[in-house]
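So you can see what is in the structure, the chains are spelled out below.
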Amino acid sequence: MIGDDSLSSIGKRYQRFAEREARGRSPLYERCAQAVATDGTMLAFLATLPESKRQPNLLFAAARWLGGTPDSYADLRSVLLERRAELAGLMLARSTQTNEAARCATLLPVLMALPQPLALLEVGASAGLTLLPDRYGYNYAGQVTLTAADPAAPVLRCQIHGPVPLPHSLPEVIWRAGIDLNPLDVTDDDDVAWLRCLIWPGEPDRDERLTAAVAIAREDPPRIIRGDLVDDLVALAAQAPSHATLVVFHSAVLAYVSPSRRRDFAAAVSDLDAVWLSNEAPGVLPDLINQPTPPPDTDPFVLVRDGTAVAFTDGHGNWIQWITP
């Protein structure tokens, strides 16, 4: 028996997604999420899935994989009614794994403040597109422009707020690797198609950026191992060159990990001779040295270096707001 409290909680999750994330970015997803929030059939379906598999991004991406981009909520709902078993199976097998290259623009100010060269180790790396900050171009509100070596590389545009220490060169990355429970292969067309399903309708710039980032990554794909962010971290970190600054980083990953496992991960990173960069939603890392208050009417990530919050960032890399010490 599915309790009313469970359905209500799922509904609130979708309403929050509509109001705080999709609004102003994807009118279709805003409408769909609002409709799911009050649709008993959809809520009952979601309640049959594990809590970690009920995210709006995952539902909408799976529906698009099966039925294409819907024109309306009715189209999306018909996928559930007609292909319920397939939809559930796909949501159980897949993860959101949003691999937004533009997040590199919000990480770069911190990366460039570190001693070079760098060894990058990303947990929850997906297809590894955010392991390539040295291969992209950047435009910080027209104040700083950085040109990539490959003219076909995407230019990541980022608005700045506050005293952001803007980078004036690209990082020197001499080693890079990632860990993921289910790595995506940037050279596999099906895996790239799944990444494309995770892009929200109404954001054509993200689709163009993905195409360009994938092309750059395919020239020299980053190494990503199948593994666990705690169990396999130390062994992979040991392979990094000793003369490089090791940076362990992640974006929108720890929210999908249990609180006890987050503590295990924090302990594992702390035992390494590494810089730890966390780019997660507020509250995911509760033991921050400073607990900043997010800007009003935003739903940002918090960029944290070694336990200290340094900036708020847009989840898709569109802006960064520096936190004044």
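Details of the structure are given in the entry above.
Just so you know, these numbers come straight off a predicted model, no measurement behind them.

Engineer: Help me understand the side chain of Arg54 in this model?
Structural biologist: Looking at the element boundaries, Arg54 is found in the loop between α3 (40-47) and α4 (56-67). Buried charge without a salt bridge: Arg54, with Glu51 as the nearest opposite-charge side chain at an N-O distance of 5.7 Å. Among the polar contacts listed, one links the side chain of Arg54 to the backbone oxygen of Ala47, at a separation of 3.2 Å. Discounting chain neighbours no more than four positions away, the residues touching Arg54 are Ser6, Ile10, Arg13, Tyr14, Leu46, Ala47 and Leu49.

Engineer: I would appreciate a short explanation of the sheet that holds strand β8 (residues 275-280) in the present structure.
Structural biologist: As a general point, the strands of a sheet are linked pairwise by backbone hydrogen bonds and lie either parallel or antiparallel. Strand order in the open sheet made by the eleven strands is β3-β2-β4-β11-β10-β9-β8-β7-β1-β5-β6, with mixed pairing throughout. Looking at strand neighbours, the two that pair on one side only are β3 (144-146) and β6 (223-226), the edges of this open sheet. Each neighbouring strand pair of the sheet contributes to a mean axis angle of 20°, computed without reference to strand direction. Pairing between strand β1 (residues 118-123) and strand β5 (residues 173-180): six bridges, direction parallel.

Engineer: Would you take a moment to explain helix α2 (residues 27-37) for this structure?
Structural biologist: Burial runs high along α2: eight of the eleven residues are buried. Within α2, the full set of buried residues consists of Leu28, Tyr29, Glu30, Cys32, Ala33, Ala35, Val36 and Ala37.

Engineer: Got a minute to help me understand the pairing of β8 in this structure?
Structural biologist: The side chains of a regular strand alternate between the sheet's two faces. The buried fraction of β8 amounts to six of the six residues, a majority that puts the element mostly inside the structure. Of the two faces of β8, the one lined by Val275, Leu277 and Asn279 and the one lined by Trp276, Ser278 and Glu280 are each fully buried. Pairing of strand β7 (residues 245-251) with β8 involves five bridges; the strand directions are parallel. Residue pairing in the sheet places Phe249 in a bridge with Leu277 of β8. Handedness of the crossover joining β7 and β8 through helix α10 (residues 259-270) is recorded here as right-handed. Alignment of β8 against strand β9 (residues 301-305), held across four bridges, turns out to be antiparallel. Each bridged residue has a counterpart across the sheet, and for Leu277 the counterpart in β9 is Arg305.

Engineer: I tried to follow unusual backbone geometry on my own but got confused; where do I start?
Structural biologist: The general pattern is negative phi for most residues beyond glycine and trans for most peptide bonds. Here the amide bond leading from Gln116 into Pro117 is cis, since omega sits at 0°, within 30 degrees of zero. Assignment of secondary structure puts Pro117 in the loop between α6 (103-111) and β1. Located in the positive-phi region is Gln97, a residue other than glycine, with phi close to 50°. Here Gln97 is to be found in the loop between α5 (73-93) and α6.

Thresholds applied
Residues numbered from 1 in each chain as written. Predicted model: local features only at pLDDT ≥ 70, side-chain atom pairs only at ≥ 80, totals over all residues. Heavy atoms only, no water. Helix = DSSP H or I, 4+ residues; strand = E, 2+ residues; numbered from the N terminus. Buried < 20%, exposed > 50% of the residue type's maximum accessible area, 1.4 Å probe, protein only. Lys, Arg positive; Asp, Glu negative; His and termini not counted. Salt bridge = Lys/Arg side-chain N within 4 Å of Asp/Glu carboxyl O. Polar contact = N/O pair within 3.5 Å; in protein donor to acceptor, adjacent residues only side chain to side chain. Contact = heavy atoms within 4.5 Å. Pairing = 2+ DSSP bridges. Axes fitted to C-alpha atoms, helices over the stretch in contact; angles between N-to-C directions. Right-handed = clockwise from strand over helix to strand, strands pointing away.

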